[in-house]
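Analysis of the macromolecular model
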Amino acid sequence: MNIQPNNQTVENCLKQRTYYIDFYQREYVWSKNIVNILLDDIFFTFELAYEEQKGKDISPEVLAKYNWYYLNIYITNSIDGKEYIVDGQQRLTTLTLIAIKLLHLSQQDNDFYKNLLDTLKDCIYGNDKFKGNIFWIDNEKRKRIMQHLIANEEFTEDFDNVTEENIYNRFKDVAKIIDDKKMSREKLHAFIMYFLERLVLVELKIEKDDTPMVFEVINDRGVVLKPFEILKGKLVGALDKDDTEKYSKLWEDSINKLRGIEDDFFIDYLKGKFIYKRNADIEKSINNQYHRYIFETNDIANNLKLRRKDEHHIKNIKKFIEDDLTYHAELYSRIRKNKFIFLSYNKDINDLSGQYQNILAACLVNDKEEQVKIETIAQEIDRLYMLLRLNGIYNSNNYQEISYQLNNDLQNRQHNEYRQIFNEILTTRIKEARNLSEISSLLDYDRFKTRGYDNIDRRPLRYFFARVEKYICDNIGEEIKNNVHYISTKTGHKTGYHIEHIFSRNEENKKFFQKEEEFENQRNKLGALLLLFNMDNIISNNEKCYNGKRQTYSNGLVWGRTLIDTFYHKTNAKFLEFNQKFESISKIKFIQVEEYNADILEHRSKLLYAIVKQIWDINLK
């Protein structure tokens, strides 16, 4: 590779030089903090020199005495008569924003700054008699936002991409910093000359087109390249120059839908499509450096066939960008928003992020069943998770194994096959856990009634009762007091929900059981628990017996209110109608409770079991 260094002032590197941003470059991403650091450094060096030369008219001799400030290297590559920025577009863009602000200030006193106005303009844009203003850096993509900045107008439209948004916001940051300096016109004149003549960059011209490799190993001012940015360089960089514009745009259009979750997408895509069993080493490689792993020697790379050594690798790269990336990025963007209720239950409450891999695995490019697959998989995962919990056979490691198995089992299957797939997984896990050869349902009552406060984690326990609450409210036409997410996750002393033991720990309640050990065991069961809001839990615990708690329960969630006689008044017609239908289906009904004892606990446990059957369906067929 032939590299030619060339020292440049800001004026030399910006003035009337057209730069193109090549395909593997990231968007303009500099943060406010980075811009602040750059301008602070520039002003610090300028201020020292200005104080030493204060009172002297700016001349070439005086300006030469100002300390120069080194702005680092930028790299360019000329291809077919066009000059591309390989590295340094963040820096050059920021210098252009500074030049725009200095132009605005100069235009407030045209006579005083008349010798500088044309030079500043020439560092930002030129004029074409047909096209109007032509901005020197990436005109096609940036022209819209740059026109607003030159006109000094507020931008009220939606941003088309990250670059537009960041250019606009960083310009406001630059403008504020310079305005806050409150420079006199003489000092501003000196600063403009300093900016144009004493800020120095080193341009490296790369003659041979091997720029993707250079781009991978060089980073702009402390902004480390992200894996998805490097991957773009490797894939699009392998294509002929005639194809790069098309595939770069396809890539950008897809990635723009994934702002902030770009690397998450590629990780979940690779796991969903290619990992079917837990493997710590492969998981670590994908999580940390998927952009390298898929070009090494391994099964995933062998399947993708994107390496130079792979037959038809150019065709495979094009297909990957045109089909797989374009479709699955759009899909991933939608499902990560969790707008379908079960997607939200799974991720926002129960942290089951593996659902995204499962959906990516299940959906083929342009899948006609896409929406029904999303909804079915999310609901089946919720059912799987809760039945594992209620069977007492859930643990996070085993669930990860199940999630990877689903990546395989869901591929090339229709949505109406999913129930059988999930049932088979549950059946296998239950049989293995209990050493059984056959089971008649996915949750038997004897197992269910042993579950409760002492063997289910707090959040899934609150989630269980939140879903019971929603089920009852939906069926009696009553709006739930707080939504499922709120009930499941809010635990603040005054604003959250807390688990209530109906059997307070006292002698009066112990008399319902033969031994104290039995009492302690039974008071923790699901049938002996409720959720109470804020201080109600403390107030209720202060009551010694059930009779004293009834008033608190009557003002709480519906599941607790079904204990109280007033809830069965004839004016509550929708509940009474539901209760009658529920009994006809389940052979058990809600009843008012005057005294909470061991028999009532058994009844409430069976009632909950019947509700579970309706919410999560424990049938094998």
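The present account deals with the structure reproduced in this document. Nothing here was measured: the structure is a model prediction, and the numbers come from that model.

Describing the overall build of the protein chain
A count of helical and extended segments in the protein chain gives 30 helices and 9 strands. Over its C-alpha atoms the protein chain spans a radius of gyration of 33 Å, topping by over 25% the 25 Å that the globule rule assigns to 621 residues. Along the first, second and third principal axes, the C-alpha set of the protein chain runs to 100 × 60 × 45 Å. Contacts in the protein chain between residues far apart in sequence, at least 24 positions, make up 71% of those at least 6 positions apart. A total of about 29400 Å² of accessible surface is found on the protein chain, and carbon and sulfur atoms cover 44% of it. Averaging the positions of the 94 positive and the 98 negative side-chain charges in the protein chain gives two centres separated by 3 Å.

Description of the packing of helix α17 (residues 354–362) against helix α19 (residues 396–409)
It is the contact of α17 with α19, at a shortest axis distance of 8 Å, that shows an interaxial angle of 15°. Relative to α19, α17 is oriented roughly parallel. Crossing of α17 against α19: the hand is right-handed. On α19, the residues touching G354, Q357, N358 and A361 of α17 are S403, Y404, L406 and N407.

Side note on the side chain of R434
Its place among the elements puts R434 in helix α20 (residues 418–434). Ignoring anything within four residues of it in the chain, the contact list for R434 reads N391, D444 and R447.

Digging into the pairing of strand β4 (residues 82–87)
In terms of residue burial, β4 counts as a mostly covered element, since 5 of its 6 residues are buried. Note: strand β2 (residues 20–21) against β4, 2 bridges, orientation parallel. Its bridge partner being in β4, I21 is matched across the sheet by I85. Two elements, strand β3 (residues 69–79) and β4, share 5 bridges in a ladder whose sense is antiparallel. Counterpart to I79 in the pairing with β4 is K82. Where β3 hands over to β4, the hairpin turn is made up of 2 residues, of which D80 adopts a positive phi near 55°.

Overview of helix α4 (residues 89–107)
Relative to the 27 Å expected for 19 residues at 1.5 Å per residue, α4 spans 27 Å between its end C-alpha atoms, a close match to the ideal helical length. Counting buried positions over the 19 residues of α4 gives 18, a clear majority of the element.

A look at the pattern of salt bridges
Summed over all chains, the structure comprises 47 salt bridges. The partner of D444 in a salt bridge is R434, with the nearest N and O atoms 3.6 Å apart. Taken as a pair, D444 in the loop between α20 and α21 (445–448) and R434 in helix α20 lie far apart in primary sequence, 10 residues in all. Residue D444 is classed as partly exposed on the basis of its relative accessible area of 33%.

Examining the nonpolar core
Generally speaking, a soluble globular protein has its nonpolar side chains buried in company with each other. Residues F266, F448, F464, W559 and F590 are the most contacted members of the largest nonpolar core, which totals 122 residues. When neighbours within four sequence positions are excluded, F590 is seen to be in contact with I472, W559, T562, Y568, F575, F578, N579, F582, L607 and I611. Counting residues in hydrophobic clusters, the runner-up holds 63 residues, among them I34, V35, Y66 and F135.

Here's the deal with the packing of aromatic side chains
If you walk through the whole model with that rule in mind, you get 49 aromatic pairs. Note on F503 and Y596: the rings are 5.3 Å apart at their centroids and 75° apart in plane angle, and the pair reads as edge-to-face. Remark: Y596 occurs in the loop between α29 (573–586) and α30 (598–616) and F503 occurs in the loop between β8 (497–501) and α24 (507–510); sequence separation between them is 93 residues. Taking relative accessible area as the criterion, F503 reaches 0% and is therefore assigned buried. By relative accessible area, which is 1% here, Y596 ends up buried. Geometry around Y20 places K82 over its ring, the cationic atom sitting 4.9 Å from the centre.

Points about the environment of Y394
Tracing the backbone through its elements, the reader meets Y394 in the loop between α18 (370–391) and α19. With a relative accessible area of 21%, Y394 lands in the partly exposed category. Expressed as a C-alpha distance, the spacing of Y394 and I456, which sit 62 residues apart in the sequence, is 9.6 Å. Setting aside anything within four residues of it in sequence, one finds Y394 in contact with Y385, L388, R389 and Y399.

Looking at the packing of α29 against α30
Where α29 meets α30, the axes come as close as 11 Å, and the angle between the chain directions of the two elements is 85°. When the axis of α29 is compared with that of α30, the two are roughly perpendicular. Residues F582, I585 and S586 of α29 pack against L607, A610, I611 and Q614 of α30. In the contact of α29 with α30, the residues fall into 5 nonpolar, 2 polar and no charged.

What counts, and where the lines are drawn
- Residues numbered from 1 in each chain as written.
- Predicted model: local features only at pLDDT ≥ 70, side-chain atom pairs only at ≥ 80, totals over all residues.
- Heavy atoms only, no water.
- Helix = DSSP H or I, 4+ residues; strand = E, 2+ residues; numbered from the N terminus.
- Rg over C-alpha atoms; globule rule 2.2 N^0.38 Å.
- Contact = heavy atoms within 4.5 Å.
- Areas by Shrake-Rupley, 256 points an atom, 1.4 Å probe, with all protein chains shown as cover.
- Lys, Arg positive; Asp, Glu negative; His and termini not counted.
- Charge placed at Lys NZ, Arg CZ, Asp CG, Glu CD.
- Axes fitted to C-alpha atoms, helices over the stretch in contact; angles between N-to-C directions.
- Parallel < 35°, antiparallel > 145°, perpendicular 65-115°, else oblique.
- Left-handed = near helix turned anticlockwise from the far one by under 90°.
- Buried < 20%, exposed > 50% of the residue type's maximum accessible area, 1.4 Å probe, protein only.
- Pairing = 2+ DSSP bridges.
- Expected span 1.5 Å × (residues − 1).
- Salt bridge = Lys/Arg side-chain N within 4 Å of Asp/Glu carboxyl O.
- Core = buried A, V, L, I, M, F, W, Y, C linked by side-chain atoms within 4.5 Å.
- Phe/Tyr/Trp six-rings, centres within 6.5 Å; stacked < 30°, edge-to-face > 60°.
- Lys NZ or Arg CZ within 6 Å of the ring centre and 35° of its normal.
- Nonpolar A, V, L, I, M, F, W, Y, C, P; charged D, E, K, R; others polar.

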